[in-house]
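Fold and contact review
Next come the chains, spelled out residue by residue.
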Amino acid sequence: MPAEPRRGPEGALRQPAGAGSPAPANGARPEPSPRAEPHLHLVVPSRRPHFNRRYMALWAGLSVVAGLALALVVLHVLIAQAQFRLDRLQQQAGQDQAQYEKLRLSVAQLESPARIVSIAEGVLGMQQPGSVTYLPAPQGAGSGASAGLSSNGPSFGSPLTAHGPTVTAPPGAADWPSVKPYLSGNP
Amino acid sequence: MTACLGGVLTRLFFVQGVDAARYAQAARNEYVHEISFLGERGSILDRNGNPLAMSVPLTTVYADDYQVTDPRAEAQYLSGPLGVPEPVLQNDLSEASGFVYLAHTIPDAAAAKVSSLLASGLLPGVYTMQEPKRFLPAGQLALPLIGVVGTSGQGLSGLEYKYNRLLEGRPGKLVEDMDPAGGMIPGGVHQYQAPVRGDDLVLTLDKPLQFDAEQALARALVAAQGRSGIALIMDSRTGELLAAAELVTPSRSDPVTMQEPPALPVWFVPQGSSPGAPSQGGAGRAPTSQQVKSVQPVEAPTATAFTTVYEPGSVEKLVTLSAALQSGAITPSEMFNVPGTYNVAGTIIGDAWPHPTLYWSPASILAHSSDIGTVEIAQKLGLPKLLDYVRAFGIGQVSNVQFPGESAGLVPGPAQWSGTSIATIPIGQGVAVTAVQMLDAYNTIANGGVAVPARLVDGYVDAQGREHLFPVPKPHRVVSPVVAREMTQMLEGVVKVGTGGAADLSPYTVAGKTGTALVPSPKGGYIAGDFVSSFAGFVPAEDPAVTVMVVVEGTHQYGAEASAPVFAMLARDALQQLGVPPHKPEPPLPGVALASPYGGEGEAAGPALPGLSGTPVVRVSVTGAPAHGPGSTNSRSGGKVATTSTTGTTGPGAPPTTAAPGAATGATTSTTSGGPGH
């Protein structure tokens, strides 16, 4: 009679020693080894773990679907929010661009010669000078550096002074004494 | 039951199968909206980048009248802010068209009111959008050149028309799914193609000088009671037009309010100014009370400097004398007997003033604008050669600017010549020019005989800010440098001792010529006392910086009176603007007879320009030796000419120095001016 499997302390069915080992080639029964004595015991099969796994898988699947749906909703909400923000920004950019163009127009209108002359003459009481005074450049001075004249052509120097340019004192000009020495005796 | 089911299935087959695309498209049309955006029109800038015309987006109000619930109530709300009568709005809101404009480009204040009404939900079906509107920030400055833009953003005239493709840009497009409230459906179709802004056109005009030119011309038109006027300032070296003023004096029978915006007076009355004391000198003076009461000039409806031809009169003599000198028909020292009257092909012609037979050089003929002397020169040249040079100077062909509607002028061909053509064309009658053509002719002499084509547009700046310059046309030689210098000296004589004294700009040396032409009558012949008075010239004569042309049409005054003072004003302002100092006068050319003074000439100098040179005192030195009498030599033959000798003082009204044949003609002039201290 073969040895009955023994139960382990936990009731687990233990396999006899050597049960998993190959049989000797000569067919002789192997001697049971006292060291490899199995601790065999019966395990009552339970149906709950199988049920739990399916249940969990179902719940997991549902959770994933719900999560995905929620994520999709959140994504759409974010997209909608971003779209509204984009609309606002585009509207703001358009308004700022329009404002910039209007400010450009205002600057151009403020720089209008008609407005400047109107204020200068009409409000500030400025007048166009009654005469133009040309200052001859000092001897030796470069043409471009003389009295703010440009470097086009020769300087307005002594040769012209000899002919007597039109030089008249602006009426009431306070700086006339400082100007006069440059006029080479004219008038 | 089966029949019903069959009917439903059949209908389903057609709806979902056969007509599926059509229904799908109809559905898309309900929620897919396509909106087009006009590309912002580019600006028109002056040479320094100052905008002369620019577009600014403003609010436009429109409605989807299918969504309008109460047209009457909404019309009541909108009527005030939009400034549109309530019945009109109510009618628009009830059109059932799906889209209707209620108001274009309304002011910001009105747009704010509409926005608040929209925010409060009182205007279902009413929407706003931005549309560009064209503005002229400097007023109507240079309006004839710039032109006008229609409500659709298309250039209709002037440079706006010619460069419309550059300026208009490319429209943009937005395709998106929209809900019934007009909001975008998130996640739906959204395609946006941004509009591309048009390029900015850069002109050669200088805004302050343009203003100066218009103000000075307006004053001249009122003073001379002219119908219209043109003032052109050109950079002599480059041919760039710095200013082009074109004004007309409106009359009740000839309104000039066809332009958009309506023509406004060029002048303004500064607040607080004393209208009785206009200041002098540059531009922008307050008009006198008398001037304010008079009809004020307005911008011309077209760019008359390019589009309008006129008979130039004596300014044309520059071409005649240049042609004669260049072809060798005359020499600058040659003397001519100029009788009081002259018979040409049976027609007796005379000068503008009676005189005995004079013995004059070409310089004197030009200085005193003798028609008879000019005709004598032209007869030596011959009409075919003269007309060749007329064309060589650019008359009879459109200018380089190629302005829309520009005229080529009228130069008669051989088939149109008559026996008196040799007496009319040399003095600027029987030939028609534009002001720009005549300006080009004078600028040719200013450039030493090289024609530098006029330019009005420098280039453009694209949407990325890159500058693109238009190619500069090649200059070409018309007359030799020697002839140009000789002509310059003769033109100086016009201002020093001749008819152009009012253009004197001492200490600058001015070279120019007056012109007074009769105006043709529609009934044939000419209108007595109705002139086209002009002055053209350049300054400084030694190294020309600016070339200026002033034309006053429909006046009773001569060019010396109506146009020469304006020339002086504009030339002075331009020289100051460009920073050009007076130059040392060059000595007279050897072999070129100088103009001799003559009292009592027809084109008397106008009043001295206030603030420029005071009362001009012209001292003229007349040589004692007959250097240029018959048989005398000149520079071309290696001869020498005396240029200094005794001095005699003369001026307008002084005894004439008419000399008999063989008398002294080589004269030198020196100009001094007396200020208050003299």
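Residues numbered from 1 in each chain as written. Chains lettered and ligands numbered in written order. Predicted model: local features only at pLDDT ≥ 70, side-chain atom pairs only at ≥ 80, totals over all residues. Heavy atoms only, no water.

**Brief notes about the overall build of chain B**
This is how the line gets drawn: To qualify as a helix, a DSSP run of H or I must reach at least 4 residues; to qualify as a strand, a run of E must reach at least 2; elements of each kind are numbered from the N terminus. Per-residue accessibility, obtained with a 1.4 Å probe over protein chains only, is compared with the maximum for each type, and a residue is labelled buried under 20%, exposed over 50%, and partly exposed between these values. For this analysis, residues touch if any pair of their heavy atoms sits within 4.5 Å. Using a 1.4 Å probe, accessible areas were evaluated by the Shrake-Rupley method; residue-level cover was limited to the displayed protein chains.
Of regular secondary structure, chain B possesses 20 helices and 25 strands. Counting across all 678 residues of chain B, residues that qualify as buried make up 56%. Residue pairs in contact within chain B that sit at least 24 positions apart in sequence constitute 75% of those at least 6 positions apart. Approximately 27000 Å² of chain B is accessible, and the part contributed by carbon and sulfur atoms is 57%.

**Side note on helix α4 (residues 86–93) of chain B**
All names here are of chain B. Threshold: Each C-beta atom gives one direction from the helix axis, and the arc is the one those directions make.
For α4, the set of buried residues is Leu 89, Asp 92 and Leu 93. The buried residues of α4 all sit within an arc of 95° when viewed along its axis, so they share a single face. Looking at α4, the residues exposed on the side facing more than 90 degrees away from the buried face are Pro 87 and Asn 91. Lining the buried residues of α4 we find β3 (51–63), α3 (71–82), β4 (100–106) and β5 (126–135).

**Details of the packing of aromatic side chains**
All names here are of chain B. So the rule is basically this: Note on ring pairs: Phe, Tyr and Trp rings are taken, using the six-membered ring of Trp, and paired if centres are within 6.5 Å. Classes follow the plane angle, with under 30 degrees stacked, over 60 edge-to-face and the rest tilted.
Considering all chains together, one arrives at eleven aromatic pairs over all chains under this definition. With a centroid separation of 4.9 Å and an interplanar angle of 25°, the aromatic rings of Tyr 62 and Phe 99 are classed as stacked. Note that Tyr 62 is positioned in strand β3 and Phe 99 in the loop between α4 and β4, a separation of 37 residues in sequence. The exposure class of Tyr 62 is buried, given its relative accessible area of 16%. Using a relative accessible area of 39% as the deciding quantity, one classes Phe 99 as partly exposed. Look at Tyr 62 and Tyr 127: their rings are 5.7 Å apart centre to centre, the planes differ by 35°, and that puts the pair in the tilted class.

**Considering the sheet that holds strand β21 (residues 526–539) of chain B**
Residues and elements named next belong to chain B. Convention followed: Paired strands are those between which DSSP finds at least two bridges. In this analysis, axes come from line fits to C-alpha atoms, helices being fitted only over the stretch in contact, and the angle between any two N-to-C directions falls in the range 0 to 180 degrees.
Sheet architecture is open: six strands sit in the order β11-β10-β9-β22-β21-β20, paired in antiparallel fashion. A strand with exactly one partner marks an edge of an open sheet, and here the two such strands are β11 (298–299) and β20 (511–520). Bridge count between strand β9 (residues 228–235) and strand β22 (residues 546–555): eight bridges; the pairing is antiparallel. The residue of β22 that forms the bridge with Gly 229 is Val 552. Of the strands in this sheet, β9, β10 (241–248), β20, β21 and β22 touch helix α17 (residues 435–446), which is tilted by about 145° from β22.

**Remarks on the confidence of the model for chain B**
Residues and elements named next belong to chain B. The test is simple: Predictor confidence is given residue by residue as pLDDT, running from a minimum of 0 to a maximum of 100.
For chain B, the mean per-residue pLDDT works out to 80, and 81% of the residues sit at or above 70. In this model, residues 268–293 is a region of pLDDT below 50 whose contacts with residues beyond four sequence positions or in other chains number 62 contacts. When the criterion is pLDDT under 50, residues 600–678 qualifies, and its contacts beyond four places in sequence or with other chains add up to 175 contacts.

**Section: the sheet that holds strand β6 (residues 172–177) of chain B**
Residue and element names in this part refer to chain B. Overall, antiparallel pairing links the three strands, which are arranged β1-β6-β7 in an open sheet. Taken across any chain shown, the strands that pair with only one partner, and hence form the sheet edges, are β1 (32–37) and β7 (190–193). Each neighbouring strand pair of the sheet contributes to a mean axis angle of 10°, computed without reference to strand direction. Sheet topology places β6 next to β7; four bridges connect them, and they run antiparallel. Directly across from Val 175, in β7, lies its bridge partner Gln 191. Packed onto the sheet, helix α2 (residues 20–31) meets β1 and β6 and runs at close to 55° relative to β1.

**Points about the environment of B:Val88**
Residues and elements named next belong to chain B. Tracing the chain through its elements places Val 88 in helix α4. Its relative accessible area of 39% is what places Val 88 among the partly exposed residues. Separated by 14 residues in the primary sequence, Val 88 and Leu 102 place their C-alpha atoms 9.1 Å from one another.

**Focus: the pattern of salt bridges**
For clarity, the threshold we go by: One speaks of a salt bridge when a side-chain nitrogen belonging to Lys or Arg is within 4 Å of a carboxyl oxygen belonging to Asp or Glu.
A full pass over the atoms with the stated rule returns 20 salt bridges over all chains. A:Lys102 is the partner of B:Asp108 in a salt bridge, and the nearest nitrogen-oxygen pair spans 2.8 Å. Here B:Asp108 is found in helix α5 (residues 108–119), whereas its partner A:Lys102 is found in helix α1 (residues 48–110) on a different chain. On the accessibility criterion, A:Lys102 (17% relative accessible area) is buried. Two residues, B:Asp530 and B:Arg227, come together in a salt bridge whose shortest N-O distance is 3.0 Å. In this pair, B:Asp530 is assigned in strand β21 and B:Arg227 in the loop between α9 (207–224) and β9, connecting sequence segments 303 residues apart. Its relative accessible area of 10% is what places B:Asp530 among the buried residues. Overall, the relative accessible area of 38% leaves B:Arg227 in the partly exposed class. One salt-bridge network, held together by shared partners, links B:Arg47, B:Glu240, B:Arg455 and B:Asp458.

**Some words on the nonpolar core**
Soluble globular proteins: nonpolar side chains tend toward being buried together. Residues and elements named next belong to chain B. Heads up, the rule is: Remark: nonpolar core denotes a set of buried residues (Ala, Val, Leu, Ile, Met, Phe, Trp, Tyr, Cys) joined through side-chain atoms within 4.5 Å. Segmentation into domains, and thus their bounds, comes from an automatic or database assignment.
One finds Leu 201, Leu 232, Phe 306, Met 438, Leu 456 and Met 487 to be the most contacted residues of the largest nonpolar core, which totals 100 residues. If you tally residues by element for this core, the top one is α17, at eight residues. Residues from two domains meet in this core; each of domain 1 (29–203) and domain 2 (304–674) gives at least three. Excluding residues within four positions of it along the chain, Leu 232 makes contact with Leu 241, Ala 243, Ala 244, Ala 305, Ala 435, Val 436, Leu 439, Thr 547, Val 548 and Met 549. Formed by 40 residues, the second largest nonpolar core is a distinct cluster that contains Ala 216, Ala 224, Ala 243 and Met 569.

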